[in-house]
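Residue-level listing of the chains:
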Amino acid sequence: MEVRRGVGQGSAAAAAVRHPPPPPAARVQAGDALPLPIRHTNLIFSALFAASLAYLMRRWRDKIRSSTPLHVVGLAEMLAIFGLIASLIYLLSFFGIAFVQSIVSSSDDDEDFLVGSGAPGGAAPSRQAPAPCALLGSPAAAPEKMPEEDEDIVASVVAGKIPSYVLETRLGDCRRAAGIRREAVRRITGREIEGLPLDGFDYASILGQCCELPVGYVQLPVGIAGPLLLDGQRFYVPMATTEGCLVASTNRGCKAIAESGGATSVVLRDGMTRAPVARLPTARRAAELKAFLEDPANFDTLSVVFNRSSRFGRLQGVQCAMAGRNLYMRFTCSTGDAMGMNMVSKGVQNVLDFLQGDFPDMDVISISGNFCSDKKPAAVNWIEGRGKSVVCEAVIKEEVVTKVLKTNVQSLVELNTIKNLAGSAIAGALGGFNAHASNIVTAIFIATGQDPAQNVESSHCITMLEPINDGKDLHISVTMPSIEVGTVGGGTQLASQSACLDLLGVKGANRDSPGSNARLLATVVAGGVLAGELSLLSALAAGQLVKSHMKYNRSIKDMSKSVP
């Protein structure tokens, strides 16, 4: 390793050579209590297990051939039985703990939807700061040589002797596991990944629920747009993005809305969907199952079966479609403050198990048959809605359009008709009758811990503009039928994302009115989209888009030079 010394460091280095510091205390391991190294102990007990089992099987075969009772055992057999049991206990305790821990850590209980249920006052239980890892720490604190034990583990991972995915459960230290995995990846690929940070993240918080096989985390800047005056409340909207001008543009839209008296919103529907597909022997038989599911007389029975899965999930309806003898069943249910995919899936599984009794010839092909439809643009979501269906509107005064947006009402209305409505129709857009709704949706989703892939259907939006008050003022609205958000579960519990939710006042579950926090977040998303649409359309109408990007979306170290 190359060592660089600064001025005045030579004497200190010499003193260190004459009086070397005491070696760091070795870390105590569980295997240190064994008389042999752990790998040798494992080998001995494995051999004992195999030898005892082979001896007993041979003895029992001889007894069966000679009609000798099996319960009559000699000293050798007793010792073999003892060795078999002892080795089995040891091997199960060593290799079975990781498997059991992985099952426990990935268990999905809807009690997790209540934030802080185990701590007084609703506070989340505190975690101790993760212990520093010997691997890939900060350059000043990193040791010159990796500990021998970690070196052996890295070598085993590289050689394929230890699966990378068991490191957390085997080591009991998520931070150390991430460092070892990262070092193994570095050696396998020959790439340093120096720009990807490792320290400064609580890896225990994602174990079994957010991300597997972590080797670091990606940093994204978060900007604040606002205040967004929506339904009489002021919101400062967090947006995680790497696109220049996006936050600034949305912020300008928020200003125009606030100076015009604010925006209002309404939630039309609130229900998550899951659509399994089942195959019946004939199309007639599939039609019989369809009629059974859609019969109002059977709804109460189906609700009781479905609702057993959760205290928050409540069945709202079932919509069926057929393709030959295949039946697609689209279940819709409320999910409280959770986004609710797991919740509705558990309820659907309960109903499928129940239906098997009356329709034993039903062959369930998949719990999801794409009639849901999740993370794909689909007309069923555009028409029927999925998650939260929200309409947000505002009246922008003429003087605000002129002063803040630098354009006029007539130009905005004409642009929206030709671009967002006719242009999108020419393109054959599905739910894309807007300027850039997905920009704002994705930025808010990432900042607040939502599933970014669900921006596909959550960005379905039609933007409407029309002149009112004799053409002086502008009425603008966005209609978004499938905003899929939650304030508990998934990435919402991570520290950064939780802080952004707290900034909006929607962190965690609402105990007094379950689901109201998630619905409020959906209206904030729609309000942000309204502001973003208003500002971008104004920039296009005024011919400012290219100019603003060239001015603010360029790499200039001295930002004062970008100000005229």
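Residues numbered from 1 in each chain as written. Predicted model: local features only at pLDDT ≥ 70, side-chain atom pairs only at ≥ 80, totals over all residues. Heavy atoms only, no water.

Colleague: It is not clear to me how the packing of aromatic side chains should be interpreted in this structure. Could you clarify?
Modeller: Given two aromatic rings, their pairing is described by the distance between the two centres and the angle made by the two planes. Under the definition given, this model contains five aromatic pairs. With a centroid separation of 6.4 Å and 15 degrees between ring planes, the pair formed by Phe 306 and Phe 331 is classed as stacked. Here Phe 306, found in helix H9 (residues 299-307), pairs with Phe 331, found in strand E6 (residues 326-334); they are 25 residues apart in sequence, far enough to count as distant. By the burial criterion, Phe 306 is buried, and Phe 331 matches it. Within the aromatic cluster, the residues linked to one another by ring pairs are Phe 201, Tyr 203 and Tyr 217. (Phe/Tyr/Trp six-rings, centres within 6.5 Å; stacked < 30°, edge-to-face > 60°. Helix = DSSP H or I, 4+ residues; strand = E, 2+ residues; numbered from the N terminus. Buried < 20%, exposed > 50% of the residue type's maximum accessible area, 1.4 Å probe, protein only.)

Colleague: What am I meant to see in the state of the cysteines here?
Modeller: Between two cysteines, a covalent bond joining their sulfur atoms is known as a disulfide. The final tally for this structure, using the stated rule, is zero disulfides. Here Cys 392 is not cross-linked by a disulfide; its sulfur's nearest cysteine counterpart is in Cys 461, at 10.0 Å. (Disulfide = S-S within 2.5 Å.)

Colleague: Explain the side chain of Thr 407 here, please?
Modeller: Among the secondary structure elements, Thr 407 is positioned in the loop between helix H12 (398-403) and helix H13 (409-426). Thr 407 has contacts with Val 401, Thr 402, Leu 412, Ser 538, Ala 541 and Ala 542, leaving out every residue within four places of it along the chain. (Contact = heavy atoms within 4.5 Å.)

Colleague: When you look at the confidence of the model for the protein in this model, what are you seeing that I'm missing?
Modeller: When pLDDT drops low, the exact placement of atoms in the prediction is not to be read closely. For the protein, the average pLDDT comes to 85, and 80% of its residues sit at 70 or higher. Confidence drops under pLDDT 50 across residues 98-127; counting only partners more than four residues distant or on other chains, this segment forms 39 contacts. (pLDDT = per-residue confidence, 0-100.)

Colleague: Where do I start with the pairing of E6 in this structure?
Modeller: When a strand is regular, its side chains alternate between the sheet's two faces. By the criterion of burial, E6 is predominantly enclosed, with seven of the nine residues buried. Note that strand E4 (residues 277-279) and E6 share three bridges and pair antiparallel. Each bridged residue has a counterpart across the sheet, and for Arg 279 the counterpart in E6 is Asn 326. In the sheet, strand E5 (residues 314-323) pairs with E6 via nine bridges, with the strands oriented antiparallel. Bridge pairing links Leu 315 to Cys 333 in E6. Counting the residues between successive antiparallel strands, the hairpin from E5 to E6 contains two residues, one of them, Gly 324, with a positive phi of roughly 65 degrees. (Pairing = 2+ DSSP bridges.)

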